[in-house]
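Read off the chains here:
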Amino acid sequence: MTEDPQQVWTDYYARMRRRRIAEARILHSRMAADGITDDTILALDFMHFGNVESDVRELAAQLATSYTMTVTRRPDFTYWSVEGTTRPYGIDCMNADRCVDWVAFMCDVANSYGCVFSTWMLTDPTRQRSWSNETIDVDPG
């Protein structure tokens, strides 16, 4: 076990990225089992967090080209969150590959700003059903 702070962060990031990708695969299979197809329009909500306000705001600014973003200081903790959504619009064609690619991108872009990709939820507004990675418990290995 290393005491090098950069290596600790690198190991943590890699572990979280593996976990998020495993969650994406499971989440997509659950959605497919529930009848979601590539043509279903879904609302997408997600959250990243970080300790440095400027890093979180820069991440939000980059993602704001595709999503509506909100930055919040968490009053009960010493970190900042950045939440994004596709609402009131949606996305379609969230097939298994696209889901995994999107999650990998979110992990990588968060890491590039010293942040962590935390949670996401896909909602079918027509059927009022939601699927979230928070309901999945995986060992990232």
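In what follows, the structure referred to is the one given above.
Since we're looking at a predicted model, the values are computed, not measured.

Asker: It is not clear to me how the overall build of the chain should be interpreted in this structure. Could you clarify?
Answerer: A count of helical and extended segments in the chain gives 3 helices and 5 strands. Reading the helices (α) and strands (β) of the chain from amino to carboxyl end gives α-β-α-β-β-α-β-β. Its C-alpha radius of gyration of 15 Å places the chain within 12% of the 14 Å reference for a compact globule of 141 residues. Taken along the three principal axes of its C-alpha coordinates, the chain extends 45 × 30 × 25 Å. Taking all 141 residues of the chain together, the buried fraction comes to 42%. Here the analysis covers contacts within the chain between residues at least 6 apart in sequence; of these, 72% occur between residues at least 24 apart. Put simply, the chain shows about 8,000 Å² of open surface, and 50% of that area lies on carbon and sulfur atoms. Computed over 14 positive and 21 negative side-chain charges, the inter-centroid distance for the chain is 3 Å.

Asker: Sorry if this is basic, but what is going on with the packing of helix α1 (residues 5-33) against helix α3 (residues 96-112) here?
Answerer: Two quantities define a packed helix pair, namely the angle between the helix axes and the distance between the axes. It is at 9 Å that the axes of α1 and α3 come closest, and there the two elements cross at 155 degrees. By the angle between their axes, α1 is roughly antiparallel relative to α3. Handedness of the crossing formed by α1 with α3: right-handed. On α3, the residues touching Trp9, Tyr13, Arg17, Arg20, Ile21, Ala24, Arg25 and His28 of α1 are Ala96, Cys99, Val100, Val103, Ala104, Cys107, Asp108 and Asn111.

Cut-offs and rules
- Residues numbered from 1 in each chain as written.
- Predicted model: local features only at pLDDT ≥ 70, side-chain atom pairs only at ≥ 80, totals over all residues.
- Heavy atoms only, no water.
- Helix = DSSP H or I, 4+ residues; strand = E, 2+ residues; numbered from the N terminus.
- Rg over C-alpha atoms; globule rule 2.2 N^0.38 Å.
- Buried < 20%, exposed > 50% of the residue type's maximum accessible area, 1.4 Å probe, protein only.
- Contact = heavy atoms within 4.5 Å.
- Areas by Shrake-Rupley, 256 points an atom, 1.4 Å probe, with all protein chains shown as cover.
- Lys, Arg positive; Asp, Glu negative; His and termini not counted.
- Charge placed at Lys NZ, Arg CZ, Asp CG, Glu CD.
- Axes fitted to C-alpha atoms, helices over the stretch in contact; angles between N-to-C directions.
- Parallel < 35°, antiparallel > 145°, perpendicular 65-115°, else oblique.
- Left-handed = near helix turned anticlockwise from the far one by under 90°.

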